[in-house]
Structure formats: structure tokens, C-alpha cells
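Listed here are the chains, written in short residue letters.
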Amino acid sequence: MKINPPLLLQINRSYLKLVKGDNFPRYYFQRWFGADFSHTETPTTKSNIDASSAVPISSSSMESNYSQKMAADSTWVSKIILYSFWQSSCSWRIRFALNLKGLSYEYRAVNIDKGEQFTSEFEKLNPLHYVPVLVDGDVVISDSYAILLYLEENYCQRPLLPVEPQLRALNLQAASIVSSSMQPLHMLSVLRYMEERVGPEEKQSWAKFHIQKGFSALEKLLTGSAGKYATGKEVYMADVFLAPQIAVATKRFNIDMSQFPTLSRIYDSCKALPEFQASSPERQPDAAL
Ligand SMILES: N[C@@H](CCC(=O)N[C@@H](CS)C(=O)NCC(=O)O)C(=O)O
């Protein structure tokens, strides 16, 4: 049977519209064009919370080849805004994930060192006063784990979770160890609290203890599954959470990674990725170098 190509295209479009709803034009174009990682202006849209006026501290964006092509399409408007701080490892996870998925976004800097997370405008976005916050049209999400799952469900290009159940669970577990059992114990507000109540030395050894504990567990957990990346040949969610954590642990807390050979190998693989390099703190518009 001969199939008419325009008809095929139409069926494909209807199917995608069905499964992706309003995201169809963006989804369609993002599947077709690649991305690069230079900062320029990106159009934005309104959300229920007026995210555009939330923290107008400094604003830049990730623009890509495909988004320029998308901008030419009148139906497509970039929606993703990321509230981020250059040194925040939680924000770094999302910058890395967005780059891996080839999604352009507008970067809005929130200086958590200067307390900009406590403004009433930012509180509307995240009552917990933490970065990152991702705004995608009317959707506002303020936790890196939830953001990653949201991106995974709504932007299916370059999956960050494998299909195989065991490997999928392993990725979720590794990401959860980083985001629940490591980073919260050495975050800015916790260390400030400790410094005030206990002392500066204790603050550092407390952080180091919990980082080493987490890495020891992750080293054991991932040794059997790791290839180039944490769970094999492909970069997935475990890597997205692990690599920024290792970077922060070595730079800020002087953790010796030679005791964790598997994690070190995974980190080296991530460091070689342009998507990781572009997401690094020093490449962000608010980097104070
Ligand atoms: N569970 C949250 C944690 C977010 C978080 O701890 N963010 C840090 C930066 S990495 C922050 O905003 N800290 C501000 C503070 O401690 O006051 C996530 O994964 O997004």
C-alpha cells in the first residue's frame, strides 16, 4: 500500500498533539533541532504568579540553534525560566538537565549569599526560600528532584531515566541520596546555623562527615552498575545529581575523591560533556569571578 507522506505527517502531528497537548510545537521542534549553549535573550511568557517580576536581579538565558528556529515559528514561545544561583549545586543539577535535554531557558539569578531568596516576591515562588525554581508557563516547581521528574515527563527527548525498572530505581535512589542525605546537611542555611550555635570548625567537619558518608554509600551502590556513567553507558539522573555534588565536595569541602574510584570515573565522564561544562558555576551570568 502506498502511503501519502503529507498524510503520514498529519497522523504523526495528531498523535503528538494528543500525547503532548499544548507542548506540541515546542516538542516537535525540539525533537528536530540540536542545541548549543551560549547565553542570549529568549522570549518569555506570563505565569499565574508573576514570575517575570519576582527577582529581577540579573537576567540572561540559554539560546540555541533550535530555539532560534522555533522563534521563527509564530506558534512557539519559550516558557522556561530558571531561578538559580551560580554556586548552588541544586541549581546546577537543573542547568545540567536542561542542557542535556536541549531546552533553552531564561536564567534569573537569585543571590542566596545576599539573602535575595527571602524577598516577598521570591517567597511566592518558593515558600522554603531555596533555589532552584523552575517556571514553565503556569507551572512553578521549587525542588530539583521534582523539577527533574517534571522535565522527564514533559520533555521526552534525551531521557534522564532508563526504562529498565532496576536501573531506573537505582537512578532515583542515587539522586535521592544526594538530595536528601547529603546536600541538605551542608546547605548554606544549615552551615550558618551551625556556625552561630556550635562554631566554624564544627561546621566544616559536620559537612565533611556527611558528604563522606554519602559518597561511601554511593561508591558501594554504583560499583556494580557503573560504566562510563553511574548506571552504564548513558548519562542519567544519577549523574545529573552526582556530578555537581562531587564538584562542590572537592572545591568547597576539600573531599579527597581518590577514596571513591567509581565516583571519580563518573565525574570525569561528566566533566567531558559540553552540557555539563556549560552548566558549571563559572559559566553562569551571575558568576562572581
Ligand atoms: N531540596 C531542594 C534543596 C534546595 C536547596 O537546598 N537550595 C540551596 C542552594 S543548593 C539554597 O537555596 N539555599 C539557601 C539557604 O540555605 O538559605 C532541592 O533539591 O532543590
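Because the structure is predicted, anything quoted here is derived from the model rather than measured.

*Asks:* I would appreciate a short explanation of the overall build of the protein in the present structure.
*Replies:* Along the backbone of the protein there are 12 helices and 6 strands. Restricting the contact set of the protein to residue pairs at least 6 apart, pairs at least 24 apart contribute 74%.

*Asks:* Looking at this structure, how should I read the site of the ligand?
*Replies:* Taken together, 16 residues surround the ligand, and among them Ser88, Tyr130, Ser144, Leu188 and Ser189 come closest. For the shell around the ligand, the elements supplying multiple residues, two or more each, are helix 4 (89–100), helix 6 (144–154) and helix 8 (188–197). Grouping the constituent residues of the shell around the ligand by class yields 8 nonpolar, 7 polar and 1 charged.

*Asks:* Explain the nonpolar core here, please?
*Replies:* A general tendency of soluble globular proteins is for nonpolar side chains to be buried together. Counting 63 residues, the largest nonpolar core has Leu82, Ala97, Ala174, Ala230, Ala238 and Leu242 as the members making the most contacts within it. Sort the elements by how many residues they give to this core and helix 10 (residues 237–253) lands first, with 9 residues. The residues touching Ala230, leaving out its near neighbours within four places in the chain, are Ala174, Leu222, Tyr236, Ala238, Asp239, Leu242 and Ile266.

*Asks:* Mind showing me how you'd approach helix 10 here?
*Replies:* For an α-helix the count is 3.6 residues per turn, leaving residues at separations of three or four pointing the same way. Relative to the 24 Å expected for 17 residues at 1.5 Å per residue, helix 10 spans 23 Å between its end C-alpha atoms, a close match to the ideal helical length. When we look at burial in helix 10, the residues that qualify are Met237, Ala238, Asp239, Val240, Phe241, Leu242, Ala243, Pro244, Gln245, Ile246, Val248 and Ala249. The elements touched by buried residues of helix 10 are helix 4, helix 6, helix 7 (165–182), helix 9 (200–223), helix 11 (261–271) and helix 12 (274–279). Positive phi shows up at Asn254, right after helix 10, with a value of about 55 degrees.

*Asks:* What is the right way to look at helix 4 in this model?
*Replies:* Over its 12 residues, helix 4 extends 16 Å from the first C-alpha to the last, a length consistent with the 16 Å expected when each residue adds 1.5 Å. Counted residue by residue, helix 4 has 12 buried out of 12 residues, so it is predominantly covered. All of the buried residues along helix 4 are Ser89, Cys90, Ser91, Trp92, Arg93, Ile94, Arg95, Phe96, Ala97, Leu98, Asn99 and Leu100. Considering only its buried residues, helix 4 is in contact with strand 3 (80–84), strand 4 (105–109), strand 5 (133–136), helix 6, helix 10 and helix 12. Trailing helix 4 by a residue or two, Gly102 shows a phi angle of about 65 degrees, which is positive.

*Asks:* So what exactly am I meant to see when it comes to the pairing of strand 3 here?
*Replies:* Within a regular strand, the side chains alternate between the two sheet faces. The buried count for strand 3 comes to 5 of 5 residues, which makes it a mostly enclosed element. Residue alternation in strand 3 divides its side chains into two sets, Ile80, Leu82 and Ser84 and Ile81 and Tyr83, and both sets are buried. Sheet topology note: the strand 3/strand 5 ladder contains 4 bridges and is antiparallel. Residue pairing for strand 5: Leu82 is matched across the bridge by Leu134. Sheet topology places strand 3 next to strand 4; 4 bridges connect them, and they run parallel. Note that in strand 4 the partner of Leu82 across the bridge is Tyr107. The handedness of the strand 3 to strand 4 crossover, carried by helix 4, is right-handed.

*Asks:* Honestly, the packing of helix 7 against helix 10 in this entry has me stumped. Any pointers?
*Replies:* Helix-helix packing is described using two parameters, namely the angle between the two axes and the distance between the axes. Relative orientation of the contacting elements helix 7 and helix 10 amounts to 30 degrees, with a least axis distance of 7 Å. As summarised for this structure, helix 7 and helix 10 are arranged roughly parallel, according to the angle between their axes. Relative to helix 10, helix 7 is oriented so that their crossing is left-handed. Across the interface between the two elements, Leu170, Asn171, Leu172, Ala174, Ala175, Val178, Ser179 and Met182 of helix 7 pack against Met237, Ala238, Phe241, Leu242 and Gln245 of helix 10.

*Asks:* It is not clear to me how unusual backbone geometry should be interpreted in this structure. Could you clarify?
*Replies:* Note on backbone geometry: most residues besides glycine have negative phi, and most peptide bonds are trans. Between Val131 and the following residue, Pro132, the backbone shows a cis peptide bond with an omega angle of 5 degrees. Along the polypeptide, Pro132 turns up in the loop between helix 5 (120–125) and strand 5. The phi dihedral of His129 falls on the positive side, at around 65 degrees, and the residue is not glycine. If you trace the backbone, His129 turns up in the loop between helix 5 and strand 5.

*Asks:* Is there a simple way to think about the environment of Ser84 in this case?
*Replies:* Note on placement: Ser84 falls in strand 3. The class for Ser84 is buried, based on 27 C-beta atoms found within 10 Å.

*Asks:* Honestly, the environment of Thr231 in this entry has me stumped. Any pointers?
*Replies:* Secondary-structure assignment places Thr231 in the loop between helix 9 and helix 10. Given 25 C-beta atoms within 10 Å, Thr231 falls into the buried group. Once the C-alpha coordinates of Thr231 and Arg168 are considered, the two residues, 63 residues apart in sequence, prove to be 9.0 Å apart. Those residues in contact with Thr231, other than ones at most four positions away along the chain, are Pro162, Leu167, Leu170, Asn171, Ser225, Ala226, Tyr236 and Ala238.

*Asks:* Help me understand the environment of Gly102, please; the structure alone is not making it clear to me.
*Replies:* With respect to the secondary-structure elements, Gly102 resides in the loop between helix 4 and strand 4. Given 22 C-beta atoms within a 10 Å radius, Gly102 is considered buried. Separated by 53 residues in the primary sequence, Gly102 and Tyr155 place their C-alpha atoms 9.7 Å from one another.

About the cut-offs
- Residues numbered from 1 in each chain as written.
- Predicted model: local features only at pLDDT ≥ 70, side-chain atom pairs only at ≥ 80, totals over all residues.
- Helix = DSSP H or I, 4+ residues; strand = E, 2+ residues; numbered from the N terminus.
- Contact = placed C-beta atoms within 7 Å.
- Near = placed C-beta within 6 Å.
- Nonpolar A, V, L, I, M, F, W, Y, C, P; charged D, E, K, R; others polar.
- Core = buried A, V, L, I, M, F, W, Y, C linked by C-beta atoms within 7 Å.
- Buried ≥ 20, exposed ≤ 12 C-beta atoms within 10 Å, placed from the backbone.
- Expected span 1.5 Å × (residues − 1).
- Pairing = 2+ DSSP bridges.
- Right-handed = clockwise from strand over helix to strand, strands pointing away.
- Axes fitted to C-alpha atoms, helices over the stretch in contact; angles between N-to-C directions.
- Parallel < 35°, antiparallel > 145°, perpendicular 65-115°, else oblique.
- Left-handed = near helix turned anticlockwise from the far one by under 90°.

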